[in-house]
Amino acid sequence: MTHSAKSEALADTLPTALLIGGDQVTGSSGGRYEHIYPVTGQPNATIELAGDVEVDRAVKAAKEAQREWIAMTPARRRDLMIDLADAVKADVDRLARYNVHDFAVTYMTSPGHVMLAESFIRYYAGWVDKSTGSSTPVSDKFDVNLIEREPYGVVGIIAPWNGSMVVIGLNVAPALAAGNAVILKPSELSPFSPLRFGEICLEVGLPAGLVNVLPSGPEGGEALVRHPGIDKIHFTGGGDTARKIIATASPNLTPVATELGGKSANLVFDDADLDQAAILAAWQGPLGQSGQSCACGSRILVQNSVYDAFMERFLGVLGAATIGDPFDPSTMMGPVVSQAATDRILSIVDRAVDEKMGTLITGGRRMGGDLSEGFFIEPTVFADVDNRSSLATVETFGPVVSVMRFTEESEAVALANDTTFGLNAFLQTTDLRRAHRVARALQSGSVWVNQNSDIQPQSPYGGYKQSGSGRAGGLEGLHEFQQVKNIRIGM
Ligand code: NAD
């Protein structure tokens, strides 16, 4: 497969050093990592990995920078965050291309990740000089009783590889707006766009050390979580990692907020616009980010009376999808992130076939031909899947979806809720009453009706059940990074 000249050009500029206290740090204690480009299976850069030494240095730099940050007037901090949003917007093409180099997200999608970050930074800039406390009466002595919100201090933000720019918007932006300094730990699989973001923070004049970027694997993450100078951890990733992080944080009782995975249901009712439903199901299913999205609608529940009509359209959309070089602007689906992910996803497919709790109707193989060197997996659909099967219960995090039938609305709701996850759900219907009724019945942090997973800065995003406890977006997202103080003045 050939790559566009433009992508080759920017590959030479990928940032590889850690960013601590405004300095680019090499020779780090965590060693180095040969980053593999998922399209070719070949190295595209060797990056530094953070270890204990760098985490300690970053905590010291962040503490100092946070004092400088909070000493500025709110108007100054607001303006700097607006400058940051402007600078991210101005750099959208580079950030988007670095994001493609990170994990081979398609260039059709990656500018959207950058602009999502920009929109959150701009939105949270607005809160810097508008966040308020309150005052309530407490006694008959007319005491002054104030309830105020303060920053935690230094927060560690741990990001998954599939959404560094998204996490920068959802979590780094409100953390800064609340007055904190940040140590951002991207995955070693996805270091380039966050490192560039760190450079932009310096270019716009944020205090050196206010945003430190320390890519690493689990070891660097553990060093961050265990450090006594960290005042809060905000983690986005998988449930198993969340359990380890909560255990690592427990000796210092460091608070941990979690934004975790999902096994989201997409309910297609007989009154849906089936053409639109098929496109949404394909994009929110196997095609978008090759299914490597927390919001992936991996369980598609279809009402019996429209099952055949929906499936014909859905498989038609998948069959027509362009799969290949993510830098080609017409490519809809790229590879999955790594060889390990390829093996894991194909083993889920094999197990599903062996279990016979669903029928493989398309896909299920690694792609060959000129895609054979990359980690490309065919869009894969299993039909008539048992909701208790491993396929329907495990987060696939690849281009593999289950389709199930239902007859009654109540049956669809029961199936959708019969999972340990509760991140989001999709609902395809043209009946307004049904939309409200079913949305309320779903045990899910977000419900998108006739709509893709369009995360907006004004709306809190986060999970029910084992999909996490944190919220990003809106005032709820700001409150994640503020602790509450009560001041009582005796009169
Ligand atoms: P992961 O849990 O393997 O890793 C997430 C991050 O944690 C990485 O930076 C990793 O290096 C770090 N880490 C791993 N072990 C650690 C440890 N012991 N201590 C500290 N840090 C550690 O997840 P992933 O494979 O990078 O991302 C995919 C997961 O993220 C999926 O489950 C997906 O659903 C979830 N996700 C959730 C959201 C959301 O907003 N809810 C968004 C994107 C991704």
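Residues numbered from 1 in each chain as written. Predicted model: local features only at pLDDT ≥ 70, side-chain atom pairs only at ≥ 80, totals over all residues. Heavy atoms only, no water.

Caption draft 1: Geometry of the sheet that holds strand 5 (residues 134–135). The strand order 5-6-19 describes an open sheet built from three strands, whose pairing is antiparallel. Either end of the sheet is taken by a strand with one partner, and the two such strands are strand 5 and strand 19 (482–489). One ladder, built from two bridges, connects strand 5 with strand 6 (residues 144–151); its direction is antiparallel. By the bridge assignment for strand 6, S135 is matched with L146. (Pairing = 2+ DSSP bridges. Helix = DSSP H or I, 4+ residues; strand = E, 2+ residues; numbered from the N terminus.)

Caption draft 2: Layout of the nonpolar core. Judged by nonpolar contacts, the single largest core of 88 residues is most densely connected at M81, L84, L176 and L206. When residues in this core are grouped by element, the largest group, 10 residues, is from helix 6 (residues 164–177). Formed jointly, this core draws a minimum of three residues from each of two domains, domain 1 (3–260 + 476–489) and domain 2 (265–443). M81 has contacts with W69, I121, Y124, A125, V128, A173, L176 and A177, leaving out every residue within four places of it along the chain. Core analysis: the second largest hydrophobic core is formed by 34 residues, V337, V349, F382 and V400 among them. (Core = buried A, V, L, I, M, F, W, Y, C linked by side-chain atoms within 4.5 Å. Buried < 20%, exposed > 50% of the residue type's maximum accessible area, 1.4 Å probe, protein only. Domains from an automatic or database assignment. Contact = heavy atoms within 4.5 Å.)

Caption draft 3: Main features of the packing of helix 4 (residues 92–103) against helix 5 (residues 110–128). At their nearest, the axes of helix 4 and helix 5 sit 8 Å apart, and the two run at 120 degrees to each other. Comparing the axis directions of helix 4 and helix 5 gives the class oblique. Crossing handedness for the pair helix 4 and helix 5: right-handed. On helix 5, the residues that touch V92, L95, A96, N99, V100 and F103 of helix 4 are S110, P111, H113, V114 and M115. Partitioning the contact of helix 4 with helix 5 into residue classes produces eight nonpolar, three polar and no charged. (Axes fitted to C-alpha atoms, helices over the stretch in contact; angles between N-to-C directions. Parallel < 35°, antiparallel > 145°, perpendicular 65-115°, else oblique. Left-handed = near helix turned anticlockwise from the far one by under 90°. Nonpolar A, V, L, I, M, F, W, Y, C, P; charged D, E, K, R; others polar.)

Caption draft 4: Spatial organisation of unusual backbone geometry. At F142, a position not held by glycine, the phi torsion is positive, near 60 degrees. A positive phi is found at K465, a non-glycine position, where the angle reads about 50 degrees. Relative to the elements of secondary structure, K465 occurs in the loop between strand 18 (446–449) and helix 16 (474–479). Its relative accessible area of 39% is what places K465 among the partly exposed residues.

Caption draft 5: Expanded view of the site of the ligand. In the neighbourhood of the ligand, 26 residues make up the surrounding shell, with A159, G238, T241, L260 and E395 lying closest. The contact in question runs from a nitrogen atom of the ligand to an N or O atom on the side chain of E222, over 3.3 Å. G238 places a polar main-chain atom, nitrogen or oxygen, 2.9 Å from an oxygen atom of the ligand. Contact with the protein chains hides 88% of the accessible area of the ligand, taken as 850 Å² for the molecule alone. (Near = heavy atom within 4 Å. Polar contact = N/O pair within 3.5 Å; in protein donor to acceptor, adjacent residues only side chain to side chain. Areas by Shrake-Rupley, 256 points an atom, 1.4 Å probe, with all protein chains shown as cover.)

Caption draft 6: Highlighting a nonpolar patch on the surface. On the surface, F142, I489 and M491 cluster together into a nonpolar patch covering about 390 Å² of accessible area. Looking at the secondary structure, you find M491 in the segment after strand 19. (Patch = residues over 30% accessible without salt bridge, like charges linked within 9 Å, V, L, I, M, F, W, Y side chains within 5 Å. Salt bridge = Lys/Arg side-chain N within 4 Å of Asp/Glu carboxyl O.)

Caption draft 7: Examining the pattern of salt bridges more closely. Per the stated rule, a full pass over the model turns up 27 salt bridges. We note a salt bridge from R32 to E48, for which the minimum N-O separation is 3.3 Å. Here the residue R32 occupies a position in strand 3 (residues 32–37), and E48 occupies one in strand 4 (residues 42–48), the gap between them amounting to 16 residues.

Caption draft 8: Broad picture of the pairing of strand 8 (residues 181–185). Strand 8 sits mainly inside the fold: five of its five residues count as buried. Going residue by residue along strand 8, you find A181, I183 and K185 tucked away on one face and V182 and L184 tucked away on the opposite face as well. In the sheet, strand 7 (residues 154–158) pairs with strand 8 via five bridges, with the strands oriented parallel. The partner of G156 across the bridge, within strand 8, is I183. Once you follow strand 7 into helix 6 and on to strand 8, the crossover reads as right-handed. For strand 8 and strand 9 (residues 211–213), the ladder comprises three bridges, and the chain directions are parallel. Its bridge partner lying in strand 9, L184 is registered against V213. (Right-handed = clockwise from strand over helix to strand, strands pointing away.)

Caption draft 9: A look at the domain arrangement of the chain. When cut into domains, the chain gives domain 1 (3–260 + 476–489) and domain 2 (265–443). Computed over C-alpha atoms only, the centres of domain 1 and domain 2 are separated by 31 Å. Contacts between the two partners involve 24 residues from domain 1, matched on the other side by 23 residues from domain 2. Across the domain 1 to domain 2 interface the summed buried area is about 1,900 Å²; carbon plus sulfur atoms make up 66%. A per-residue breakdown of the area domain 1 buries against domain 2 is headed by P38, M108 and W161, which together make up 27% of the total. Taken together, the links from domain 1 to domain 2 amount to zero salt bridges. For the interface between domain 1 and domain 2, the tally reads five residue pairs in polar contact (both at pLDDT 80 or more). Going through the elements one at a time, strand 3 and helix 4 are the ones with two or more residues in the side of domain 1 that touches domain 2. In the side of domain 1 that touches domain 2, the residues fall into 13 nonpolar, 10 polar and one charged. (Buried area = accessible area lost by both parts, 1.4 Å probe.)

Caption draft 10: Layout of helix 14 (residues 409–417). All of the buried residues along helix 14 are E409, A412, V413, L415, A416 and N417. Turning to helix 14, the residues buried within the fold contact strand 12 (265–268), strand 13 (299–303), strand 16 (400–406) and helix 15 (432–441).

Caption draft 11: Looking closely at the pairing of strand 10 (residues 232–236). Burial analysis of strand 10 places five of its five residues in the buried class, the great majority of the element. On strand 10, burial covers both faces: K232, H234 and T236 on one face and I233 and F235 on the other are all buried. The sheet contact formed by strand 7 and strand 10 spans four bridges and is parallel. The partner of I158 across the bridge, within strand 10, is F235. Alignment of strand 10 against strand 11 (residues 256–259), held across four bridges, turns out to be parallel. Looking at the pairing, T236 lines up with E259 of strand 11.

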